[in-house]
Amino acid sequence: MTFQYCPHCGAKAIPRETGDEGLVPWCDACKRPLFPMFSTCIIALAVDEEGNVALLRQGYISSQYHVLVSGYMKPGESAEECAAREIQEELGLSVSRLAMTGTYWFEKKDMLMIGFAARVRRRDFRLSGEVDQAVWVAPDKALSLLHPAPAISYLVTEHYLRHPEILEARG
Ligand SMILES: [Zn+2]
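No experiment lies behind these values; they were computed from the predicted model shown.

Coordination sphere of the zinc ion, protein contribution only: Cys6 (SG), Cys9 (SG), Cys27 (SG) and Cys30 (SG), at 2.3 Å. Here the donor residues of the zinc ion share one chain and are spaced in sequence as C-x2-C-x17-C-x2-C. Residue cysteine 9 is located in the segment before β1 (14-17), and its partner cysteine 27 is located in strand β2 (residues 23-27); the two are separated by 18 residues in the primary sequence. Residue cysteine 9 is classed as partly exposed on the basis of its relative accessible area, which comes to 40%.

Our focus in this paragraph is the sheet that holds strand β3 (residues 32-33). Hydrogen bonds between backbone groups are what pair the strands of a sheet, and the pairing can be parallel or antiparallel. Reading across the sheet, the 3 strands line up as β1-β2-β3 and stay open at both edges, with antiparallel pairing between neighbours. Sheet topology places β1 and β3 at the edges, where each strand pairs with a single neighbour. Of the strand pairs in this sheet, β2 and β3 are connected by 2 bridges, and their pairing is antiparallel. Looking at β3, one finds that cysteine 27 is bridged to arginine 32.

The next subject is helix α3 (residues 152-162). Within α3 the residues assigned to the buried category are Ile152, Ser153, Tyr154, Val156, Thr157 and Tyr160. Looking at the buried positions of α3, the neighbouring elements they touch are β4 (39-47), β5 (53-57), β7 (95-106), β8 (111-120) and α2 (139-142).

A separate point is the nonpolar core. Within the largest apolar cluster, 22 residues are counted, with the highest numbers of intra-cluster contacts made by Leu45, Val53 and Tyr160. Counting only elements with at least two residues in this core, the list comes to β4, β5, β7, β8 and α3. Not counting the four nearest positions on each side in its chain, leucine 45 is found in contact with Val53, Ala54, Leu55, Leu68, Phe116, Ala117, Ala118, Val156, Thr157 and Tyr160.

Attention now moves to unusual backbone geometry. For residues besides glycine, phi is generally negative; the peptide bonds are generally trans as well. In this structure, the amide linkage connecting alanine 149 to the following residue, proline 150, adopts the cis form with an omega of 10°. In this fold, proline 150 is placed in the loop between α2 and α3. Positioned with a positive phi, lysine 31 is a non-glycine residue whose angle comes to about 55°. Inspection of the secondary structure puts lysine 31 in the loop between β2 and β3. Although it is not a glycine, aspartate 110 adopts a positive phi angle of roughly 55°. By the secondary structure assignment, aspartate 110 is in the loop between β7 and β8. On the basis of relative accessibility, which here comes to 34%, the residue aspartate 110 falls in the partly exposed class.

How big an interface is tends to be stated in terms of the accessible area lost upon association of its parts. As far as domains go, the protein holds domain 1 (1-37) and domain 2 (39-167). Distance from the C-alpha centre of domain 1 to the C-alpha centre of domain 2: 35 Å.

Conventions used here
Residues numbered from 1 in each chain as written. Predicted model: local features only at pLDDT ≥ 70, side-chain atom pairs only at ≥ 80, totals over all residues. Heavy atoms only, no water. Donors = N, O, S within 2.8 Å, 3.2 Å for Na, K, Ca; no water. Helix = DSSP H or I, 4+ residues; strand = E, 2+ residues; numbered from the N terminus. Buried < 20%, exposed > 50% of the residue type's maximum accessible area, 1.4 Å probe, protein only. Pairing = 2+ DSSP bridges. Contact = heavy atoms within 4.5 Å. Core = buried A, V, L, I, M, F, W, Y, C linked by side-chain atoms within 4.5 Å. Domains from an automatic or database assignment.

In structure tokens:
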């Protein structure tokens, strides 16, 4: 989202040469640059002790494909805290280890997504109202249930399946 008006005081933004960034909208009343704004979300693949992965059905996202846990970051929260919170909220599972799979720009929603694989202790799901259904899936079945790449769910899962060692204890 590119600002036409200052979100702090409502003054009209004016383009101004800003360092290496080139022309950036500027609020002359607040004396601050108004860099384009976008949402930041996490997307997380929950993995049990045996390497099975938790996939979700969320009718409001897709009727055809499974999806991963995802959610908006809250101000003051780290991406890791957000991923653990969302897995707890959506699936009712506790996270013992997190590893980043990458970061992804989601063009359709103007959104930065931070991808994680998360080790969880397997137990019965306690689903949030946002989740219609969740299933444990063997690793070799997971990709066939997801929207093909470049869907971000697919990229996160594929990264984990290629590098399962990212969830192993080190040192
Ligand atoms: Zn302002």
